[in-house]
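So you can see what is in the structure, the chains are spelled out below.
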Amino acid sequence: MNSRCWINGETATYIAADDRGLQYGDGLFETMSVRAGRITLLDAHLQRLESGCQRLRFAPPPLQTVRQHLNAIAHSQDRAILKLIVTRGRGGRGYRPPVDAQPNWIVTLHDWPTYPGRWWHDGIRLRVCETVLGANPAFAGLKHLNRLEQVMARAEWQDADDIQEGLMLDAGGAVIEGTMTNVFAVGTDGTFITPQLDSCGVAGVMRHYLIERAGRDGVPVQVGRMTLDDIHNAKELFVCNSVIGVWPVRRVDQHEFPVGEMTRTMQGWAEQA
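Quick caveat, the model's predicted, so the values are computed rather than measured.

Rules and cut-offs
- Residues numbered from 1 in each chain as written.
- Predicted model: local features only at pLDDT ≥ 70, side-chain atom pairs only at ≥ 80, totals over all residues.
- Heavy atoms only, no water.
- Pairing = 2+ DSSP bridges.
- Helix = DSSP H or I, 4+ residues; strand = E, 2+ residues; numbered from the N terminus.
- Buried < 20%, exposed > 50% of the residue type's maximum accessible area, 1.4 Å probe, protein only.
- Contact = heavy atoms within 4.5 Å.
- Axes fitted to C-alpha atoms, helices over the stretch in contact; angles between N-to-C directions.

1. Focus on the pairing of strand β9 (residues 175-178)
Look at any regular strand and the pattern is simple: side chains alternate between the two faces of the sheet. For strand β8 (residues 165-169) and β9, the ladder comprises three bridges, and the chain directions are antiparallel. Along β9, the bridge assignment pairs L169 with V175.

Listed below in C-alpha coordinates is the structure:
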(Lines give C-alpha, C1' and ligand atoms only; values in the text may rest on other atoms or scores of the structure.)
Protein backbone atom coordinates (compact mmCIF):
# COMPACT_ATOMS: atom_id res chain seq x y z
CA MET A 1 0.00 0.00 0.00
CA ASN A 2 1.30 3.45 -0.96
CA SER A 3 -1.18 5.43 1.13
CA ARG A 4 -0.24 6.77 4.54
CA CYS A 5 -3.72 7.73 5.80
CA TRP A 6 -7.10 6.00 5.82
CA ILE A 7 -10.44 7.23 7.17
CA ASN A 8 -13.07 4.60 7.93
CA GLY A 9 -11.02 2.13 5.91
CA GLU A 10 -10.77 4.28 2.77
CA THR A 11 -7.76 6.21 1.49
CA ALA A 12 -8.28 9.85 2.49
CA THR A 13 -6.48 12.81 4.01
CA TYR A 14 -9.32 15.11 5.17
CA ILE A 15 -12.01 14.87 7.82
CA ALA A 16 -15.11 17.06 8.20
CA ALA A 17 -14.62 20.32 10.08
CA ASP A 18 -17.53 19.48 12.37
CA ASP A 19 -15.99 16.22 13.57
CA ARG A 20 -16.14 16.22 17.37
CA GLY A 21 -12.59 14.94 17.64
CA LEU A 22 -11.42 18.19 16.05
CA GLN A 23 -13.99 20.42 17.72
CA TYR A 24 -13.73 19.10 21.28
CA GLY A 25 -11.09 16.39 21.48
CA ASP A 26 -14.00 13.97 21.78
CA GLY A 27 -12.27 10.68 21.10
CA LEU A 28 -9.38 8.33 21.77
CA PHE A 29 -6.21 7.11 20.11
CA GLU A 30 -3.76 4.22 20.10
CA THR A 31 -0.13 4.30 18.96
CA MET A 32 1.11 0.87 17.90
CA SER A 33 4.45 -0.64 17.06
CA VAL A 34 4.87 -2.78 13.93
CA ARG A 35 7.75 -5.25 13.84
CA ALA A 36 8.28 -7.71 11.00
CA GLY A 37 4.70 -7.30 9.82
CA ARG A 38 3.17 -7.84 13.28
CA ILE A 39 1.49 -5.27 15.51
CA THR A 40 2.81 -5.54 19.05
CA LEU A 41 0.10 -6.06 21.70
CA LEU A 42 -2.71 -5.45 19.21
CA ASP A 43 -5.31 -7.23 21.34
CA ALA A 44 -4.48 -5.02 24.31
CA HIS A 45 -4.67 -1.86 22.20
CA LEU A 46 -8.11 -2.74 20.85
CA GLN A 47 -9.36 -3.79 24.27
CA ARG A 48 -8.28 -0.46 25.74
CA LEU A 49 -9.89 1.35 22.84
CA GLU A 50 -13.19 -0.49 23.31
CA SER A 51 -13.15 0.17 27.05
CA GLY A 52 -12.39 3.84 26.42
CA CYS A 53 -15.34 4.18 24.04
CA GLN A 54 -17.60 2.66 26.67
CA ARG A 55 -16.38 5.14 29.27
CA LEU A 56 -16.92 8.05 26.86
CA ARG A 57 -20.37 6.63 26.10
CA PHE A 58 -20.19 6.16 22.38
CA ALA A 59 -20.16 3.03 20.29
CA PRO A 60 -16.75 1.87 19.08
CA PRO A 61 -16.13 1.44 15.35
CA PRO A 62 -16.44 -2.12 13.96
CA LEU A 63 -13.39 -3.50 15.74
CA GLN A 64 -13.06 -6.64 13.64
CA THR A 65 -12.95 -4.48 10.51
CA VAL A 66 -10.46 -2.16 12.19
CA ARG A 67 -8.30 -5.14 13.17
CA GLN A 68 -8.28 -6.52 9.63
CA HIS A 69 -7.41 -3.11 8.21
CA LEU A 70 -4.53 -2.59 10.65
CA ASN A 71 -3.13 -6.06 9.98
CA ALA A 72 -3.34 -5.54 6.22
CA ILE A 73 -1.25 -2.36 6.51
CA ALA A 74 1.22 -3.89 8.95
CA HIS A 75 1.76 -7.00 6.85
CA SER A 76 4.11 -5.25 4.41
CA GLN A 77 6.01 -3.25 7.04
CA ASP A 78 9.30 -4.23 8.65
CA ARG A 79 9.41 -1.49 11.30
CA ALA A 80 6.75 1.20 11.44
CA ILE A 81 4.27 3.04 13.66
CA LEU A 82 0.50 2.83 13.23
CA LYS A 83 -1.71 5.43 14.87
CA LEU A 84 -5.42 4.79 15.27
CA ILE A 85 -7.72 7.69 16.16
CA VAL A 86 -11.39 7.16 16.95
CA THR A 87 -13.75 10.13 17.33
CA ARG A 88 -17.38 10.26 18.35
CA GLY A 89 -18.08 11.46 14.81
CA ARG A 90 -19.71 14.53 13.33
CA GLY A 91 -21.96 16.88 15.30
CA GLY A 92 -23.20 20.44 15.36
CA ARG A 93 -22.01 23.29 17.54
CA GLY A 94 -22.37 22.73 21.28
CA TYR A 95 -21.02 20.30 23.83
CA ARG A 96 -24.05 18.00 24.01
CA PRO A 97 -23.17 14.84 22.06
CA PRO A 98 -25.60 13.96 19.25
CA VAL A 99 -27.43 10.73 20.01
CA ASP A 100 -27.04 9.43 16.46
CA ALA A 101 -23.35 10.23 15.92
CA GLN A 102 -21.41 7.65 13.91
CA PRO A 103 -17.80 7.18 15.06
CA ASN A 104 -14.99 7.95 12.65
CA TRP A 105 -11.77 5.97 12.73
CA ILE A 106 -8.53 7.23 11.25
CA VAL A 107 -5.38 5.19 10.64
CA THR A 108 -2.04 6.77 9.82
CA LEU A 109 1.24 5.04 8.99
CA HIS A 110 4.54 6.52 10.17
CA ASP A 111 8.22 5.74 9.77
CA TRP A 112 9.97 4.08 12.68
CA PRO A 113 11.58 6.76 14.91
CA THR A 114 15.38 6.90 14.84
CA TYR A 115 16.11 6.98 18.57
CA PRO A 116 19.82 6.53 19.39
CA GLY A 117 20.67 3.02 20.56
CA ARG A 118 22.52 4.45 23.56
CA TRP A 119 19.18 5.55 25.07
CA TRP A 120 18.19 1.90 25.23
CA HIS A 121 21.61 0.65 26.35
CA ASP A 122 22.99 3.43 28.58
CA GLY A 123 19.76 5.11 29.66
CA ILE A 124 18.16 8.51 29.30
CA ARG A 125 17.95 11.71 31.30
CA LEU A 126 14.65 13.04 32.67
CA ARG A 127 13.63 16.46 33.86
CA VAL A 128 10.76 17.21 36.23
CA CYS A 129 8.21 19.20 34.26
CA GLU A 130 6.67 22.43 35.51
CA THR A 131 3.38 21.59 33.80
CA VAL A 132 1.24 19.49 36.15
CA LEU A 133 -1.59 17.09 35.40
CA GLY A 134 -5.11 17.98 36.46
CA ALA A 135 -7.08 15.40 38.43
CA ASN A 136 -10.25 13.94 36.93
CA PRO A 137 -11.08 10.34 37.89
CA ALA A 138 -13.68 10.13 35.10
CA PHE A 139 -10.90 10.24 32.50
CA ALA A 140 -8.04 8.68 34.47
CA GLY A 141 -6.22 6.01 32.49
CA LEU A 142 -7.81 6.94 29.15
CA LYS A 143 -5.72 7.78 26.12
CA HIS A 144 -8.16 10.48 25.05
CA LEU A 145 -7.49 13.16 22.47
CA ASN A 146 -7.12 15.97 25.03
CA ARG A 147 -3.32 15.98 25.33
CA LEU A 148 -2.67 19.70 25.83
CA GLU A 149 -0.96 19.09 29.19
CA GLN A 150 1.56 16.79 27.52
CA VAL A 151 2.06 19.26 24.66
CA MET A 152 2.91 22.07 27.07
CA ALA A 153 5.14 19.83 29.19
CA ARG A 154 7.10 18.69 26.13
CA ALA A 155 7.52 22.31 25.04
CA GLU A 156 9.52 23.01 28.21
CA TRP A 157 12.76 21.79 26.64
CA GLN A 158 14.15 21.69 23.11
CA ASP A 159 17.47 19.82 23.29
CA ALA A 160 16.65 16.12 22.94
CA ASP A 161 20.34 15.25 23.17
CA ASP A 162 20.40 16.61 26.73
CA ILE A 163 16.92 15.70 28.04
CA GLN A 164 15.01 12.81 26.51
CA GLU A 165 11.80 12.74 28.56
CA GLY A 166 9.91 14.75 31.17
CA LEU A 167 8.46 13.53 34.43
CA MET A 168 4.92 14.79 35.11
CA LEU A 169 3.40 15.27 38.56
CA ASP A 170 -0.14 16.01 39.67
CA ALA A 171 -1.10 19.17 41.56
CA GLY A 172 -0.46 17.38 44.86
CA GLY A 173 3.12 16.53 43.93
CA ALA A 174 2.61 12.84 43.20
CA VAL A 175 4.58 11.36 40.30
CA ILE A 176 2.18 10.17 37.58
CA GLU A 177 3.98 9.51 34.28
CA GLY A 178 6.32 10.80 31.61
CA THR A 179 5.10 13.03 28.80
CA MET A 180 4.89 9.96 26.55
CA THR A 181 5.74 7.08 28.88
CA ASN A 182 4.80 5.29 32.07
CA VAL A 183 7.28 5.27 34.94
CA PHE A 184 8.61 2.37 37.01
CA ALA A 185 11.01 2.25 39.92
CA VAL A 186 12.74 -0.60 41.69
CA GLY A 187 12.78 -0.06 45.44
CA THR A 188 15.72 -0.91 47.66
CA ASP A 189 13.88 -4.11 48.66
CA GLY A 190 13.53 -5.17 45.02
CA THR A 191 9.84 -4.29 44.80
CA PHE A 192 8.60 -3.26 41.36
CA ILE A 193 6.79 0.12 41.83
CA THR A 194 4.64 2.19 39.46
CA PRO A 195 2.27 5.12 40.14
CA GLN A 196 -1.43 4.55 40.58
CA LEU A 197 -3.50 6.22 37.86
CA ASP A 198 -6.87 6.67 39.56
CA SER A 199 -7.05 10.45 39.18
CA CYS A 200 -5.06 11.18 35.99
CA GLY A 201 -2.49 9.72 33.62
CA VAL A 202 -2.57 7.19 30.79
CA ALA A 203 -2.74 3.47 31.59
CA GLY A 204 -0.27 2.36 28.94
CA VAL A 205 -0.53 -0.96 27.13
CA MET A 206 3.14 -1.75 27.79
CA ARG A 207 2.69 -0.79 31.45
CA HIS A 208 -0.17 -3.27 31.72
CA TYR A 209 1.86 -5.97 29.99
CA LEU A 210 4.86 -5.53 32.31
CA ILE A 211 2.70 -5.58 35.45
CA GLU A 212 0.91 -8.71 34.25
CA ARG A 213 4.17 -10.41 33.25
CA ALA A 214 5.77 -9.54 36.59
CA GLY A 215 2.83 -11.13 38.38
CA ARG A 216 3.18 -14.32 36.34
CA ASP A 217 6.91 -14.50 37.06
CA GLY A 218 6.59 -13.87 40.77
CA VAL A 219 8.13 -10.39 40.78
CA PRO A 220 6.58 -8.23 43.55
CA VAL A 221 4.55 -5.36 42.09
CA GLN A 222 3.29 -2.32 43.99
CA VAL A 223 0.89 0.13 42.33
CA GLY A 224 0.46 3.16 44.57
CA ARG A 225 1.28 6.77 45.25
CA MET A 226 4.80 7.70 44.19
CA THR A 227 6.65 10.87 45.19
CA LEU A 228 9.84 12.51 43.99
CA ASP A 229 11.53 11.12 47.11
CA ASP A 230 10.59 7.62 45.93
CA ILE A 231 12.13 8.45 42.56
CA HIS A 232 15.32 9.86 44.06
CA ASN A 233 15.73 6.88 46.42
CA ALA A 234 15.03 4.21 43.80
CA LYS A 235 17.52 1.45 43.17
CA GLU A 236 16.65 1.49 39.45
CA LEU A 237 14.36 3.60 37.29
CA PHE A 238 12.93 3.10 33.82
CA VAL A 239 10.16 4.29 31.51
CA CYS A 240 8.15 2.43 28.90
CA ASN A 241 5.59 2.63 26.14
CA SER A 242 4.48 0.40 23.29
CA VAL A 243 6.87 2.02 20.79
CA ILE A 244 10.14 2.39 22.71
CA GLY A 245 9.69 -0.70 24.87
CA VAL A 246 11.79 0.06 27.99
CA TRP A 247 14.35 2.82 28.38
CA PRO A 248 16.53 2.86 31.50
CA VAL A 249 16.73 6.19 33.32
CA ARG A 250 20.27 7.13 34.29
CA ARG A 251 19.58 10.63 35.64
CA VAL A 252 16.72 12.73 37.01
CA ASP A 253 17.91 16.28 37.63
CA GLN A 254 20.98 15.71 39.86
CA HIS A 255 20.16 12.13 40.87
CA GLU A 256 21.87 9.28 39.01
CA PHE A 257 20.82 5.64 38.67
CA PRO A 258 22.53 2.47 37.45
CA VAL A 259 21.09 0.36 34.64
CA GLY A 260 20.34 -2.64 36.81
CA GLU A 261 19.35 -6.26 36.42
CA MET A 262 15.60 -5.62 36.84
CA THR A 263 15.62 -2.98 34.11
CA ARG A 264 17.42 -5.34 31.72
CA THR A 265 14.86 -8.04 32.54
CA MET A 266 12.00 -5.65 31.73
CA GLN A 267 13.69 -4.73 28.46
CA GLY A 268 13.78 -8.41 27.55
CA TRP A 269 10.12 -8.83 28.43
CA ALA A 270 9.20 -5.83 26.30
CA GLU A 271 11.03 -7.33 23.33
CA GLN A 272 8.98 -10.51 23.77
CA ALA A 273 5.61 -8.71 23.82
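2. Description of unusual backbone geometry
Of note, L41 is a non-glycine position whose phi angle comes to about 55°, a positive value. With respect to the helices and strands, L41 occurs in the loop between β4 (38-39) and α2 (42-56). With relative accessibility at 15%, the residue L41 sits in the buried group. With phi around 55°, D253 is a residue other than glycine that occupies positive phi space. Relative to the helices and strands, D253 resides in the loop between β14 (245-252) and β15 (255-256).

3. Quick word on the pairing of strand β5 (residues 79-87)
Of all the nine residues making up β5, seven are buried; the element is thus mostly covered by neighbouring parts of the structure. Note that strand β3 (residues 27-35) and β5 share nine bridges and pair antiparallel. Within β5, the position partnered with S33 by the bridge is I81. Across eight bridges, the pairing between β5 and strand β6 (residues 104-111) is antiparallel. Bridge pairing in β6 links I85 to I106.

4. Describing the sheet that holds β5
Spatially, six strands are ordered β2-β1-β6-β5-β3-β4 in an open sheet, and the strand pairing comes out antiparallel. Sheet topology places β2 (10-11) and β4 at the edges, where each strand pairs with a single neighbour. Pairing of strand β1 (residues 5-7) with β2 involves two bridges; the strand directions are antiparallel. Bridging across to β2, W6 finds its partner in T11. Packing against the sheet, α2 makes contact with β3, β4 and β5, and its axis sits at approximately 180° to β3. Each of β1, β3, β4, β5 and β6 is contacted by helix α3 (residues 63-74), which is oriented at about 15° to β6, the strand it contacts most.

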